[in-house]
Amino acid sequence: LSESLKQNNSPMLNKALSCYNVGSIFKPCVAATAIEKGFSNHIFNCEGKLQIVDRNFRCHKLDGHGQMNLCNSLAQSCNCYFYDLAIKMGGEKIYKKAASLSITSDIYIADNLYAKHGSLPDIENLQNTGTLANFSIGQGNLTASPIAMLNLYLAIAGDGSYRLPTIIEKTLKNGKENMYEMENATKVMKESTAKTLREYLKNVISEGTGEEAKPQNVMAAGKTSTAQTGRYYKNGKEITNSWFCGFFPADKPEYVVIVMSDYECDTSTASIFAQIADEIYDYNYGNV
């Protein structure tokens, strides 16, 4: 135990309840805002960078993605598309959608067990287009716990609503069992919006950046992310938070899974998601 406490990757820390930089897994929140605010048909030509005021904001594909719409910008995780989309929409709309996900609140899991609150940029600061551009791709002053990001993907996988997760199934008092009452559902998007995003996120795995997340036995959907942290290893390489957030079966989701690594590792979060999906599917249906 004492040796574990000294390790740099903090193996004793409950990382599901801690906050991290999130990156592109936030883009579906921006996409949901666009769909509901009349920007679902937005088109943008990505050339690998976008000049905002006096600075070039770059895409991960340095030579550009070319003509992008909302669906393929999610599949290819095109940063420049989301910079431009956010500037066209304005920061307040995106902020309100993000605020509905309980990002800035401690999330109760059980007695004495909470997911730590994250942070959103000040809404006034989103008038600065550079700050807004970073926010649109899940960077800047945005942090969230895996539990908070679970809320977004629960809403997409369902009817546009989420219930705060819990590890309690039932309670026992005076020998009597009582089923635990879940929190009331929080509506964050229209059911039609969630349905559209489920289709878009299927494309992330079938033809986009999330191909490693493709299970062998069940169709899934989700989003990749490699979030910059502003912290560096001793060799000068930046530490990144790697995520895959997804759900399966894609058409009628039963499971939502968040995989996050806060340090570099040999196995991708997307491939771990695929393994989890296959093993759960095999456990439930392997003998059918």
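Scroll up a little and you will see the structure.
Let me begin by describing the structure that accompanies this report. From a predicted model like this one, the values you see are computed outputs, not experimental measurements.

Brief notes about the overall build of the protein
Argument step 1. Looking only at helices and strands, one finds nine helices and 15 strands in the protein.
Argument step 2. Within the protein, the fraction of its 288 residues that count as buried is 45%.
Argument step 3. The contacts in the protein between residues at least 6 apart in sequence include a share of 63% that link residues at least 24 apart.
Argument step 4. Within the structure as shown, the protein displays about 15100 Å² of accessible surface, and the carbon and sulfur contribution to it stands at 45%.
Argument step 5. If the 28 positive side-chain charges of the protein are averaged to one point and the 30 negative ones to another, these points end up 4 Å apart.

What to know about the packing of aromatic side chains
Argument step 1. Tallied over the full model, the rule gives nine aromatic pairs.
Argument step 2. Centroid distance Tyr-108 to Tyr-114: 5.5 Å. Interplanar angle 70°. Geometry classified as edge-to-face.
Argument step 3. Given a relative accessible area of 26%, Tyr-108 falls into the partly exposed group.
Argument step 4. A connected cluster of aromatic rings, assembled from ring pairs, spans Phe-244, Phe-248, Tyr-255 and Phe-273.
Argument step 5. Just above the ring of Phe-57 sits the side chain of Arg-55; from NZ or CZ to the centre is 4.1 Å.

Brief notes about the layout of surface pockets
Argument step 1. Roughly 620 Å³ of internal volume is contained in the largest pocket.
Argument step 2. Looking at the largest pocket, it is lined by 26 residues, and the ones nearest its centre are Ser-24, His-60, Asn-79, Ser-225 and Thr-226.
Argument step 3. Within the residue set of the lining of the largest pocket, elements represented by two or more residues are β4 (55-58), α4 (79-89), β13 (221-232), β14 (238-248) and α9 (269-285).
Argument step 4. Here the residues of the lining of the largest pocket sort into seven nonpolar, 16 polar and three charged.
Argument step 5. Broken down by secondary-structure element, the contributors of at least two residues to the lining of the second largest pocket are α7 (146-157) and β15 (255-261).
Argument step 6. Looking at the lining of the second largest pocket residue by residue, the class counts come to 13 nonpolar, two polar and one charged.

Focus on the pairing of strand β6 (residues 107-110)
Argument step 1. Where β6 meets strand β7 (residues 113-115), three bridges bridge the pair, whose relative direction is antiparallel. Following the sheet pairing, Tyr-108 is matched in β7 by Tyr-114.
Argument step 2. The hairpin turn running from β6 into β7, its antiparallel successor, is two residues long, and Asn-112 in that turn takes a positive phi close to 65°.

Topic: the sheet that holds β13
Argument step 1. A sheet is described by the order of its strands in space; here three strands give the open sequence β13-β14-β15, paired in antiparallel fashion. Looking at the sheet topology across the chains shown, the edges are occupied by β13 and β15. Along the sheet, successive strands turn relative to each other by an average axial angle of 15°, direction set aside.
Argument step 2. Bridge analysis of β13 against β14 gives nine bridges, and the strand direction is antiparallel. Within β14, the position partnered with Ser-225 by the bridge is Trp-243.
Argument step 3. In this fold helix α8 (residues 191-207) packs onto β13 and β14, with an angle of close to 70° to the strand it touches most, β13.

A closer look at the side chain of Thr-33
Argument step 1. For Thr-33, the position within the fold is in helix α2 (residues 27-36).
Argument step 2. For Thr-33, a relative accessible area of 2% puts it in the buried group.
Argument step 3. Polar side-chain contacts of Thr-33 include one of 2.9 Å to the backbone oxygen of Cys-29.

Describing α2
Argument step 1. Burial analysis of α2 places eight of its ten residues in the buried class, which makes it a mostly covered element.
Argument step 2. All buried positions along α2 are accounted for by Lys-27, Pro-28, Cys-29, Val-30, Ala-31, Ala-32, Thr-33 and Ala-34.
Argument step 3. Immediately beyond the C-terminal end of α2, within one or two residues, lies Gly-38, with a positive phi of roughly 85°.

About the criteria used
In this convention, every chain numbers its residues from 1, walking through the sequence in written order. Only residues with pLDDT of at least 70 get local features here, since the model is predicted, and only at 80 or more are side-chain atom pairs given and counted; chain-wide, interface and lining totals rely on the full set of residues. As a rule here, side-chain values cover all heavy atoms of the structure and leave hydrogens and water aside. Going along the chain from the N terminus, every DSSP run of H or I of four or more residues is numbered as a helix, and every run of E of two or more is numbered as a strand. Buried residues are those whose accessible area, probed at 1.4 Å on protein chains only, stays under 20% of the maximum for their type, while exposed residues exceed 50% and partly exposed ones sit between those limits. Residue contacts follow a heavy-atom distance rule, with two residues in contact if any of their heavy atoms lie within 4.5 Å. Here the accessible surface of atoms and residues is derived via Shrake-Rupley with a 1.4 Å probe, and residues count as covered only by protein chains that are part of the display. Under the convention used here, Asp and Glu are negative, Lys and Arg are positive, and both His and the chain ends fall outside the count. Positions of charges follow a simple convention, taking NZ of Lys, CZ of Arg, CG of Asp or CD of Glu. Note on aromatic contacts: the rings of Phe and Tyr and the six-membered ring of Trp form a pair at centre separations within 6.5 Å, being stacked when their planes are under 30 degrees apart, edge-to-face when over 60 apart, and tilted otherwise. To sit over a ring, a charge needs its Lys NZ or Arg CZ within 6 Å of the ring centre and within 35 degrees of the ring normal. Space inside and on the surface of the protein is sampled on a 1 Å grid over the protein atoms alone, with a cavity defined as a set of points where a 1.4 Å probe fits but cannot get out and a pocket as an open set with protein on both sides within 12 Å along at least 5 of 7 lines; lining residues have an atom within 4 Å of a point. Grid points are joined across faces, edges and corners, and a volume is the space filled by probe spheres set on the points. In this classification, Asp, Glu, Lys and Arg are treated as charged, Ala, Val, Leu, Ile, Met, Phe, Trp, Tyr, Cys and Pro as nonpolar, and every other residue, Gly included, as polar. When DSSP locates at least two bridges between a pair of strands, those strands are taken to pair. Throughout, an axis means a line fitted to C-alpha atoms (over the contacting stretch in the case of helices), and angles, computed between N-to-C directions, take values from 0 to 180 degrees. Any N or O atom pair separated by 3.5 Å or less is treated as a polar contact, with the protein-specific requirement of one donor-capable and one acceptor-capable atom, and with residues adjacent in sequence counted only for side-chain atom pairs.

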